[in-house]
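Listed below are the residues making up each chain.
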Amino acid sequence: MPIKLIIAIALVVIVAVLTGFNLGNTSDVWLFHKFENIPIIYTALTAFVAGVLVTLPFTFGKKRGRNQDEVKPLKVSRREQKKASPAAGLKGESSASEPAVSSESAEKSDGKNS
C-alpha cells in the first residue's frame, strides 16, 4: 500500500513540474470563434473536464438491459464440471484396443460371409 501511495505522489509531482514548465506555451483555439494566445494547459484541462462531463451520464445513468430479478449463474470450475458429468460413452471400460463396430455393419459383414 505505501508503495502505491508513493508512486501516485511521484506522478502528481511530475505532472505539476511539467505543467509549470509549459505555462508559457500558448496557441490559438477556434471554437466557433477564434481565441488567440490561450495557454495550452487551459486547453488540456478544458478537454479533460469536458470528457468527464460527457461520461458522467453513462456512468450514473439508468442501467438498461438487466432485470434485477434475474439470477446470475454460479461460476463452476472445470474440476467440478468434470466430477458432475460422467465421461461420455466410456462406462468404465477401455475401448482403445477394440474398434467400434455398428450393428448395421456387423449384420452386413455376417451376410457377406455366409
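Side chains that differ in sign of charge can pair as their charged atoms come close. Across all of its chains, the model carries one salt bridge by this definition. As a salt-bridge pair, Lys34 and Asp28 come within 4.0 Å of each other at their nearest N and O atoms. Lys34 sits in the partly exposed class, given a relative accessible area of 47%. Taking relative accessible area as the criterion, Asp28 reaches 42% and is therefore assigned partly exposed.

Once that is clear, we can look at the pairing of strand β1 (residues 26-30). Where β1 meets strand β2 (residues 34-39), four bridges bridge the pair, whose relative direction is antiparallel. If you follow Val29 over to β2, its bridge partner there is Phe35. Linking β1 to β2, which pair antiparallel, is a turn of three residues; within it Phe32 sits at a positive phi near 65°.

Residues Phe48, Val49, Val52, Leu53, Leu56 and Phe60 make up a contiguous nonpolar surface patch of about 620 Å² in total accessible area. You can see Val52 is positioned in helix α2 (residues 40-60).

On inspection of all chains with the given rule, the structure shows one aromatic pair. With centroids separated by 5.6 Å and ring planes inclined at 55°, the aromatic side chains of Trp30 and Phe32 adopt a geometry described as tilted. The two residues Trp30 and Phe32 agree in class, both being exposed.

Each pocket or cavity is described by its volume, and for the largest pocket that value is around 160 Å³. Top contributing element to the lining of the largest pocket by residue count: α2, with three residues. Among the residues making up the lining of the largest pocket, the classes are represented as six nonpolar, two polar and no charged.

Even without glycine at this site, Phe32 takes up a positive phi of about 65°. For Phe32, a relative accessible area of 73% gives the class exposed. If you check the backbone angles, Asn37 has positive phi at about 55° while not being a glycine. Its location among the elements puts Asn37 in strand β2. Overall, Asn37 belongs to the exposed group, its relative accessible area being 55%.

Conventions we followed
- Residues numbered from 1 in each chain as written.
- Predicted model: local features only at pLDDT ≥ 70, side-chain atom pairs only at ≥ 80, totals over all residues.
- Heavy atoms only, no water.
- Salt bridge = Lys/Arg side-chain N within 4 Å of Asp/Glu carboxyl O.
- Buried < 20%, exposed > 50% of the residue type's maximum accessible area, 1.4 Å probe, protein only.
- Pairing = 2+ DSSP bridges.
- Helix = DSSP H or I, 4+ residues; strand = E, 2+ residues; numbered from the N terminus.
- Patch = residues over 30% accessible without salt bridge, like charges linked within 9 Å, V, L, I, M, F, W, Y side chains within 5 Å.
- Areas by Shrake-Rupley, 256 points an atom, 1.4 Å probe, with all protein chains shown as cover.
- Phe/Tyr/Trp six-rings, centres within 6.5 Å; stacked < 30°, edge-to-face > 60°.
- 1 Å grid on protein atoms, 1.4 Å probe; cavity = no way out; pocket = protein on both sides within 12 Å on 5 of 7 lines; lining within 4 Å.
- Points joined across faces, edges and corners; volume = space filled by probe spheres on them.
- Nonpolar A, V, L, I, M, F, W, Y, C, P; charged D, E, K, R; others polar.

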